[in-house]
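Each chain is listed here by its residues.
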Amino acid sequence: MMSPSDDYEILVKGLNSWNLPKGPVPCELLLIGEAAFPVLVNKDGQVIIAASHYGQGRMIVMSHEGYLQDSMLAQFLFNAMDWLNHRPGTAVGVHISVEPLSHILSDLGVEVQTMDGLEDSLGVYCINAYNNTLAKEMIQFVKNGGGLLIGGQAWYWASKHGHDKVLSNFPGNQVTSVAGVYFTDACGKTDFLKVSKKVPKIPLTVRFGEDLSQDQQQLLHGITELDINTGGLPSQLLVHGALAFPLGLDSSLGCFLAGARYGRGRVVLAAHEGMLGAPKLGPFLCNAIRWLAGGQTGRIGINPNLKNLSSLVAESGLECSIESHLTTGLSVYCCTAYGDQEAKKIHEFVAEGGGLLIGGQAWWWASQNPGKPAVADYPGNHILNPFGLSILDSSLKNGQFPVHVPGKGNYHFRSALSQFQDEVKGGEVLAKDWQSKLRKDCGAFLKIPAGVPAYASLHRFLRKVLKQTGLPHVSQDHPVHSNSCEATLLCMATELAQSGTTDCLSLVHRASNGTCPSHLYSPGPSVTMEINGTSPDVTLWVSTGLYLPEGFSVNITMPCAAATGLQLPLMDISGTNLEPTSPRMGQLGDVDFSEKDKSDQKD
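The residue numbers shown here count from 1 along each chain, following its written sequence. Residue-level local features of this predicted model are given only where pLDDT is at least 70; pairs of side-chain atoms are given and counted only at 80 or more, and the full residue set underlies all totals for whole chains, interfaces and linings. Hydrogens and waters are ignored; side-chain quantities use all the structure's heavy atoms.

### Structural notes on the overall build of the chain
A count of helical and extended segments in the chain gives 20 helices and 24 strands. Taking the contacts inside the chain whose residues are at least 6 apart along the sequence as the reference set, 69% of them involve residues at least 24 apart. Only DSSP runs of H or I with at least four residues qualify as helices, and only runs of E with at least two residues qualify as strands; both kinds are numbered from the N terminus onward. Should any heavy atoms of two residues lie within 4.5 Å, those residues are considered in contact.

Next up, the structure:
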């Protein structure tokens, strides 16, 4: 499979500018999961055109049907057909709802058939986003290797049917959501558009009318306290997806229960499988299964590893069966997170409307796999990460915890990052408990490889924040407090450097270029460091482990005996592997070889 960068290069080939027609008013697109990526993003960060993969096929989503029918976009539409069609010699089917597209494509030499339905023999199918009668057929068409070009906007539909129903009920979302792309009720702007040199960033947050707190309310209905004293030590959960949300939090905002929407389906995650059979959590589990079913009438399949859950489900009057694997005919599947053999199958099951109840901890796996980040390599996270949920290698204490009132004021990784960006610009200060939680979440999230746009975009966002603010100057006169903005910036910089996606030296240079808010960072005095040069070996290389911002000096004091054969290199810092590279000999300020220091040495 080609990389998103290769895909993007094909889609914008020959484009020097985006000549969108002036009349249509598009909507903003919401992207989730690991397959979707933006193609056109405006100056405000709104996604106007997106692409994605699903199954064996591909999909391009345009945020207004008018964009499929205007010759001003002929070059892009030609590129789109080339990228979408993986069936050589097959025709492009154009639905009558976008009939002008057939003339544009015919003029470009593309074989076109205009039709009212959908034929499996086609290579690509083009349609507007207002017809849901073909939704199931289109999903299977793409899943089996077909290409889909679909366009529409949801803001007008929302004005007639409700802004809180767009993600769930807008016709186009019945199709595109399986590939991680949603039409929203927010209008998009089309001024100052440019062709990006690389895959544009997915925005950190997207405004949409659907309130996820309604899902939280359904899941927590009738529950005031969550008792997780279930006999096992739970892991902490990371909630990082735009449509994911916490359900159970301890007093330090550590998450042990979470939910998410994904495609047409839903997910509930527990931080230990023991929670999924505990009688004291029975009311929550019954709420969860009903919410996951989403009104479907299929059976509830329960993996044999969760035998206690089956009795709880049976007592609630719901039909269930023991299933060792995910099978057809299920509305909800319940399993543990200790294997990833069915990861792809589970993703498609949820995307197409299924419900997943899953639980497990990762701290034991981490203890048996030292050096491997659980958030990236733990088997369960191969299933969960695309849903915007992850199980971490850190644990949290059992206890009884009050239910947080669902609402927009509750902690979420993305909203905390957005508020943190406002803080470093001089806005409202982030609450101390949020600051501490954000640091931990950043440290965990940045261990997910930035190989797909969903993760790379957040890496790029954090780099932008750091480059705008710079690193704080730390000294005895300007210490960094643990729950401060400066501490969070330093944590972000460290984790970005360790992820290998950031050039540390660029951040160091930025620290002294005057871009930092003056009330947060001011140049400190010279820093003094003492190094004991004692070594049983003849030759010893000693690294301070510190960076020296431009314009600062360093004073080195060492015993005279150490001066023989002394070399003092200045080295660049490489963010790729965190090893010093390209050594440059340079002036290091004052080097003092004093008799006093010599006499202080014992050997």
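The rest of the description comes next.
### Description of the pattern of salt bridges
Two side chains of opposite charge can pair, provided their charged atoms sit close to one another. What counts as a salt bridge is simple: a side-chain nitrogen of Lys or Arg found within 4 Å of a carboxyl oxygen of Asp or Glu. Applying the stated criterion across every chain yields a total of 11 salt bridges. Note that D227 and K280 form a salt bridge whose closest N and O atoms lie 3.6 Å from each other. Of this pair, D227 sits in strand β10 (residues 225-227) while K280 sits in the loop between β14 (265-270) and α9 (282-293), and the two are 53 residues apart along the sequence. Accessible area is worked out with a 1.4 Å probe on protein chains only. A residue is then buried under 20% of its type maximum, exposed over 50%, and partly exposed in between. The exposure class of K280 is partly exposed, given its relative accessible area of 44%. Several salt bridges share partner residues, and in doing so they unite K43, D44 and K189 into one network.

### Focus on the pairing of strand β7 (residues 124-128)
Within β7, 5 of the 5 residues are buried, leaving the element largely enclosed by the surrounding structure. Side chains V124, C126 and N128 project from β7 onto one buried face, and the interleaved Y125 and I127 project onto a second face that is buried too. When strand β5 (residues 92-95) meets β7, the two strands line up parallel, connected through 3 bridges. By the bridge assignment for β7, V94 is matched with C126. Between any two strands, at least two bridges found by DSSP are needed for them to pair.

### Considerations on the packing of helix α15 (residues 413-424) against helix α17 (residues 453-469)
The axes are straight lines fitted to the C-alpha atoms, using for helices just the contacting stretch, and the angles between their N-to-C directions are given from 0 to 180°. At a minimum axis separation of 10 Å, α15 and α17 run at an interaxial angle of 15 degrees. In terms of orientation, α15 lies roughly parallel with respect to α17. The handedness of the crossing between α15 and α17 comes out as left-handed. The segment α15 lies against α17, with F413, R414, L417, F420, Q421 and V424 engaging L458, F461, L462, V465, Q468 and T469. In this classification, the charged set is Asp, Glu, Lys and Arg, the nonpolar set is Ala, Val, Leu, Ile, Met, Phe, Trp, Tyr, Cys and Pro, and all remaining amino acids, among them Gly, are polar. For the contact of α15 with α17, the residue count by class is 8 nonpolar, 3 polar and 1 charged. The scheme is simple: roughly parallel for angles under 35 degrees, roughly antiparallel for over 145, roughly perpendicular for 65 to 115, oblique for anything else. Left-handed describes a crossing whose near helix is turned anticlockwise from the far helix by less than a right angle; the clockwise case is right-handed.

### Some words on unusual backbone geometry
Not every positive phi belongs to a glycine, and F192 is a case in point at roughly 55 degrees. Structurally, the position occupied by F192 is in the loop between β9 (181-187) and α8 (213-219). Residue classification places F192 among the exposed positions, given a relative accessible area of 65%. Backbone geometry at L253 places phi at a positive 70 degrees, although glycine is not the residue there. Tracing the chain through its elements places L253 in the loop between β12 (244-249) and β13 (255-262). Residue classification places L253 among the buried positions, given a relative accessible area of 7%.

### A closer look at the packing of aromatic side chains
Centres within 6.5 Å make a pair out of two Phe, Tyr or Trp rings, where for Trp the six-membered ring is used; the pair is then stacked when the planes are under 30 degrees apart, edge-to-face when over 60, and tilted otherwise. All chains considered together, the criterion is met by 15 aromatic pairs. Ring plane angle 80 degrees and centroid distance 6.1 Å describe the contact between F245 and W291, whose orientation is recorded as edge-to-face. With F245 in strand β12 and W291 in helix α9, the pair connects residues that are 46 residues apart, well separated along the chain. With a relative accessible area of 3%, F245 lands in the buried category. Note on Y411 and W434: the rings are 5.2 Å apart at their centroids and 85 degrees apart in plane angle, and the pair reads as edge-to-face. Here Y411, found in the loop between β20 (400-402) and α15, pairs with W434, found in helix α16 (residues 432-445); they are 23 residues apart in sequence, far enough to count as distant. Judged by its relative accessible area of 11%, W434 falls in the buried class. One aromatic cluster is present, formed by Y130, W157, F170 and F183 through successive ring pairs.

### Considering the confidence of the model for the chain
Each residue carries a pLDDT score, the predictor's confidence in it, ranging from 0 to 100. With 83% of its residues at a pLDDT of 70 or more, the chain shows a mean pLDDT of 87. Considering only residues more than four positions removed or in separate chains, one finds that residues 511-523, a stretch of pLDDT under 50, has 30 contacts. Low pLDDT (under 50) marks residues 572-603, which in the prediction has 66 contacts with non-local residues, meaning those over four places away or in another chain.

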